[in-house]
Structures are given as structure tokens and as C-alpha cells.
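Per-entry structural report
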Amino acid sequence: MKIGIIGCGRIAQERHIPEYAAHPGAELFGYYDFVASRAEEMAKQYGGRAFTSVEELLECAEIDAVSVCTANNAHAQTTIAALRAGKHVLCEKPMATSMEECEAMAAEARRSGKVLMIAQNQRFMSEHVKAKELLALGVIGRILTFRTCFGHSGPDHWSVDRGTGNWFFDKRQSVFGCMADLGIHKTDLIQFLLDSEVEKVKAMTDTLDKCYADGSRVDVEDNAVCLFRLKNGVIGTMTASWTYYGEEENGTVLYGTDGSMKIRDGSVEVCLQSGDRVLYRMPPRSSSGVIDAFLDCLICGGAVPVSGERVLSAMRAVFAALDAAKEK
Ligand SMILES: NC(=O)c1ccc[n+]([C@@H]2O[C@H](COP(=O)([O-])OP(=O)(O)OC[C@H]3O[C@@H](n4cnc5c(N)ncnc54)[C@H](O)[C@@H]3O)[C@@H](O)[C@H]2O)c1
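Residues numbered from 1 in each chain as written. Predicted model: local features only at pLDDT ≥ 70, side-chain atom pairs only at ≥ 80, totals over all residues. Heavy atoms only, no water.

1. Thoughts on the packing of helix α8 (residues 178-194) against helix α10 (residues 308-327)
Threshold: Helix axes use the C-alpha atoms of the stretch in contact, all axes being lines fitted to C-alpha atoms, and the angles between their N-to-C directions lie in the range 0 to 180 degrees. Under the scheme used here, helices are H or I runs from DSSP no shorter than 4 residues and strands are E runs no shorter than 2 residues, and both carry numbers assigned from the N terminus. For this classification, under 35 degrees means roughly parallel, over 145 means roughly antiparallel, 65 to 115 means roughly perpendicular, and everything else is oblique. Crossing handedness is read from the near helix: turned anticlockwise from the far helix by less than a right angle, it gives a left-handed crossing, and turned clockwise, a right-handed one. We call two residues in contact whenever any of their non-hydrogen atoms come within 4.5 Å of each other.
Two elements in contact, α8 and α10, have axes separated by 9 Å at closest approach and are oriented at 130 degrees. One element, α8, and the other, α10, form an angle in the oblique class. In the packing of α8 onto α10, the handedness of the crossing is right-handed. Contacts between α8 and α10 involve Met179, Ala180, Ile184, Thr187, Asp188 and Gln191 from the first element and Arg310, Val311, Ser313, Ala314, Met315, Ala317, Val318, Ala321 and Leu322 from the second.

The following block contains the structure:
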């Protein structure tokens, strides 16, 4: 599979490009970024060549599949153009910036017959795979409630362009803040773990701390707290934050009729009402699993691991949470 990378920033450099490079079935063929030197640097380091426009890359007949790793506002248009050009697409989360865009992407994937996968990498983390397996066995009984949380110090500390001058804080490019950046991960995860969909949402979002260089607050939310009711009757909280300075929080606790399950830091701990406890420590993974799953699907066939279609309900919940917060 000859691969094109569109957007050569941090996630492309840390995850997509090295994981394609490590896969025997993939060849990195082309790169495009607004910042030409980033695409050129990747070509120099990993082989292949830099393209001067996204159109030029998509017209290249040799490229079979692309990773879309741009700012959020370009996900839909780039993905749809790539599918129309006959490429398979792995698109970063959040899938897109409106429900209409998300539905158009899923429709184009159906029409083109090409693979559209969304990089919801939380589904592939070994502790989540283990938790899903344990939940299927009913180890903590019927699930009643949950709390799930993803917070870190924000993309001003993550992006290739450090500080709040980057696209994450420019509402025209990002469209939303931590809710769609981190909230989509845990919204999709909770639906995946509990095999259900968010049915009702209440939410509060705010910009509590992040400021532009002139001292004014950024235009996107840096904190979001949501209440979810799922179709299966389970209720819980989902928290996303860009202001957890010091230590990242990336965990989920599920409470069932027979006990609880704590999922965090590569482990799953089951605590039963009987007093019994079991701690499962998962061996660290060298890759996200996302790129391997995408390539395996392209090479071996079978169901798309996380198709665009399957992410629609989580995106609907994210948009509903943002609306709920706005409408108070
Ligand atoms: N799955 C995850 O856990 C995860 C983690 C981080 C980021 N992401 C997602 O990946 C995407 C990229 O984020 P990042 O962290 O790499 O950001 P980044 O700021 O580090 O890099 C973005 C790069 O894309 C380029 N770019 C932006 N819009 C472009 C466009 N329309 N065409 C060409 N190049 C463009 C920028 O010049 C920059 O080099 C975002 O959608 C983000 O939400 C996902």
C-alpha cells in the first residue's frame, strides 16, 4: 500500500508516519503540509516525496491510501476529495466539524466503496480491549453508572507549533476546543465499552484559563463536563479538560451491580462487592494499533475497524453536548 500523508504535524510525526514505516505492507510515498518544509523533512527522513498541493497528492495515481492529519476544519473536505480520487482514508479525530460534514463523509465512503476509518485510538488501547473482554463476561454484573475523563495541559504544549497561537485555538480552524479534541475520545470509548449510544446529554463548557498572547481568553472551550444517559439506561459523567496541569488524567470507572472496574494507566482493576480484587496490568504497546488495523483491513479485507459510519453517534453526542452547554 502506497501511502500519502496530508498534514505533517505532531500526530503524523509521532504516530502515523513511524507506524506506516514499521509496517511491512506499507510504503510512505508522499507528504503534503501547509508548511512545505515539514513535508520535505518527512520525505527526507522516511522516503517518498513532498507534494506542493493536496490536489497534486490526490491526483497521484500510485497512492492507494491517505492519512488526514490536518486541522479539524479540513477533515471533511480532504477526506471526501480523497475518496472521490479513489483513495482509502484514515482520518484523524474529531471526524469533522458538523454533523452534515460527518454524514457526507460516511455517504462518500459508501458511494466510493473505499475504506474510511476514523482514528479513535482509545478503542485499541490494551486496557480498553481487556475491559471490553471482561465486560462481555459480565464480571461486574449489570452496568449502572460510569465516570470517564481525559484531561491534560492542552495543545499549546502538544502541537508542533507551541503556544496558543496555533490552529487548535483558532476557532475558524479548530471549530471547537477540548470537547471535540478529548471529549470525542471518551464519548466514543464509553459507547464502545458499553455497546450502547448516548441518548440524552446535559453539559457545561467554559474557557477558564487559556489565553492568547495579548492576554484575552481563547475562543474555544478549555473545559467540558457532561452528563450522559445511554440508550441502555446507564448514566454517567464525561469530563474533558485542557487545564489539567501537572499530571494527565485518562481513565474510566464503571460501576455495576456486582462491583466496579477502574481503567487507567495501562491497567484494569476489578473490585467485587465480595471484597475480591483482580488487577490486570497490560504490557506496554509500541504502537497505537490504529495504523496497523487500517493497513490490515486494506490488505486482508474484512470489516473496517472504526468506520466513519460507526463514529457518527459519538459525534452526534459531542455536537449535542456543545449545543446543550450553549443553550444552558
Ligand atoms: N488520535 C489522537 O489521539 C490525536 C492526538 C493529537 C491530534 N489528533 C488530531 O490530529 C490532527 C492534527 O493534530 P496535530 O496534533 O498533528 O496538530 P499539529 O498542530 O501538531 O500539526 C498540524 C499540521 O497540519 C498542518 N495543516 C493544518 N491544516 C492543514 C491543511 N488544511 N492542509 C495541509 N496541512 C495542514 C499544519 O501546518 C501542521 O503542520 C487534528 O485533527 C487533531 O485533533 C489526534
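That was the structure; now back to the text.
2. Quick notes on the site of the ligand
Spelled out, the test is: A molecule or strand has a residue near it when one of that residue's heavy atoms lies within 4 Å. For the purposes of these results, a polar contact is taken to be a pair of N or O atoms within 3.5 Å, where, inside protein, one atom must be able to donate a hydrogen and its partner to accept one; residues adjacent in sequence count only when each atom of the pair is a side-chain atom. The protein chains shown are the only cover counted for residues, whose accessible areas, like all others here, come from Shrake-Rupley with a 1.4 Å probe.
The environment of the ligand is made up of 28 residues, and the closest members are Asp33, Arg38, Trp158, Ser159 and Trp167. Arg15 places a side-chain nitrogen or oxygen 3.2 Å from an oxygen atom of the ligand. Contact between the ligand and Asn72: an oxygen atom at 3.0 Å from a side-chain N or O atom of the residue. Computed on the free molecule, the ligand has an accessible area of 840 Å², of which 93% lies beneath the protein chains in the complex.

3. Quick look at the sheet that holds strand β2 (residues 27-32)
Our working definition: At least two bridges found by DSSP between two strands is the condition for calling them paired.
Spatial ordering of the open sheet is given by β3-β2-β1-β4-β5-β6, a layout of six strands whose pairing is parallel. Two strands bound the open sheet, and with one partner strand each, they are β3 (49-50) and β6 (116-118). In the sheet, strand β1 (residues 2-6) pairs with strand β4 (residues 65-68) via four bridges, with the strands oriented parallel. Residue pairing across strands places Gly4 opposite Val66, the latter belonging to β4. Across the sheet, helix α1 (residues 10-21) touches β1, β2, β4 and β5 (88-91), and the angle it forms with β1 is around 175 degrees. Where helix α4 (residues 75-84) meets the sheet, its contacts fall on β1, β4, β5 and β6, and the angle it forms with β5 comes to roughly 165 degrees.

4. Description of the domain arrangement of the protein
Defined as follows: Segmentation into domains, and thus their bounds, comes from an automatic or database assignment. A quick way to say it: buried area is the sum, across both parts, of accessible area lost when two parts are put together, with a 1.4 Å probe. Salt bridges are counted wherever a side-chain nitrogen of Lys or Arg sits within 4 Å of a carboxyl oxygen of Asp or Glu. Ten residue types, Ala, Val, Leu, Ile, Met, Phe, Trp, Tyr, Cys and Pro, are classed as nonpolar, four, Asp, Glu, Lys and Arg, as charged, and the remainder, Gly among them, as polar.
On domain assignment, one finds that the protein holds domain 1 (2-118) and domain 2 (124-285). One C-alpha centre belongs to domain 1, the other to domain 2, and the line joining them spans 26 Å. Across the boundary between the two partners, domain 1 contributes 14 residues, which contact 16 residues of domain 2. Of the roughly 1300 Å² buried between domain 1 and domain 2 on both sides combined, carbon and sulfur atoms contribute 61%. Put simply, domain 1 and domain 2 have two salt bridges between them. Asp161 is the partner of Arg38 in a salt bridge, and the nearest nitrogen-oxygen pair spans 2.8 Å. The tally of links from domain 1 across to domain 2 stands at five residue pairs in polar contact (both at pLDDT 80 or more). When residues in the side of domain 1 that touches domain 2 are grouped by element, the largest group, four residues, is from α1. Classifying every residue of the side of domain 1 that touches domain 2 by side-chain character gives five nonpolar, five polar and four charged.

5. A short note on the pattern of salt bridges
What counts, and what does not: Only protein chains enter the accessibility calculation, which uses a 1.4 Å probe; a residue is then buried when its area is under 20% of its type maximum, exposed when over 50%, and partly exposed in between.
Enumeration over the complete set of coordinates arrives at 17 salt bridges. For the salt bridge of Asp181 with Lys93, the shortest nitrogen-to-oxygen distance reads 2.8 Å. Here Lys93 lies in the loop between β5 and α5 (99-112) and Asp181 lies in helix α8, a separation of 88 residues in the sequence. The buried category is assigned to Asp181, whose relative accessible area is 12%. Shared partners join several salt bridges into a network, and the residues in it are Arg84, Glu108 and Arg111.

6. Structural notes on the pairing of strand β11 (residues 249-256)
Most of β11 sits inside the fold, with six of its eight residues counted as buried. Here strand β7 (residues 143-151) runs beside β11; their pairing, made up of eight bridges, is antiparallel. Residue pairing across strands places Thr148 opposite Thr252, the latter belonging to β11. The loop that links β11 with its antiparallel partner strand β12 (residues 259-264) comprises two residues.

7. Notes on the sheet that holds β11
Ordered in space as β8-β9-β10-β7-β11-β12-β13-β14, the eight strands form an open sheet in which the pairing is mixed. Lying at the two open borders of the sheet, with one neighbouring strand each, are β8 (198-206) and β14 (277-281). Each adjacent strand pair in this sheet contributes to an overall mean axis angle of 10 degrees, direction not counted. By the bridge criterion, seven bridges tie strand β9 (residues 223-230) to strand β10 (residues 235-241) in an arrangement that is antiparallel.

8. Comments concerning the packing of aromatic side chains
What counts here: The criterion for an aromatic pair is that two Phe, Tyr or Trp rings (for Trp, the six-membered ring) have centres within 6.5 Å, with stacked assigned to planes under 30 degrees apart, edge-to-face to planes over 60 apart and tilted to the rest.
Overall, the coordinates contain four aromatic pairs when judged by the stated rule. Judged by centre distance (3.8 Å) and plane angle (25 degrees), the ring pair of Trp167 and Phe168 falls under stacked. On the accessibility criterion, Phe168 (10% relative accessible area) is buried. Taking 6.5 Å as the distance between ring centres and 85 degrees as the angle between the ring planes, the aromatic pair formed by Phe168 and Trp242 counts as edge-to-face.

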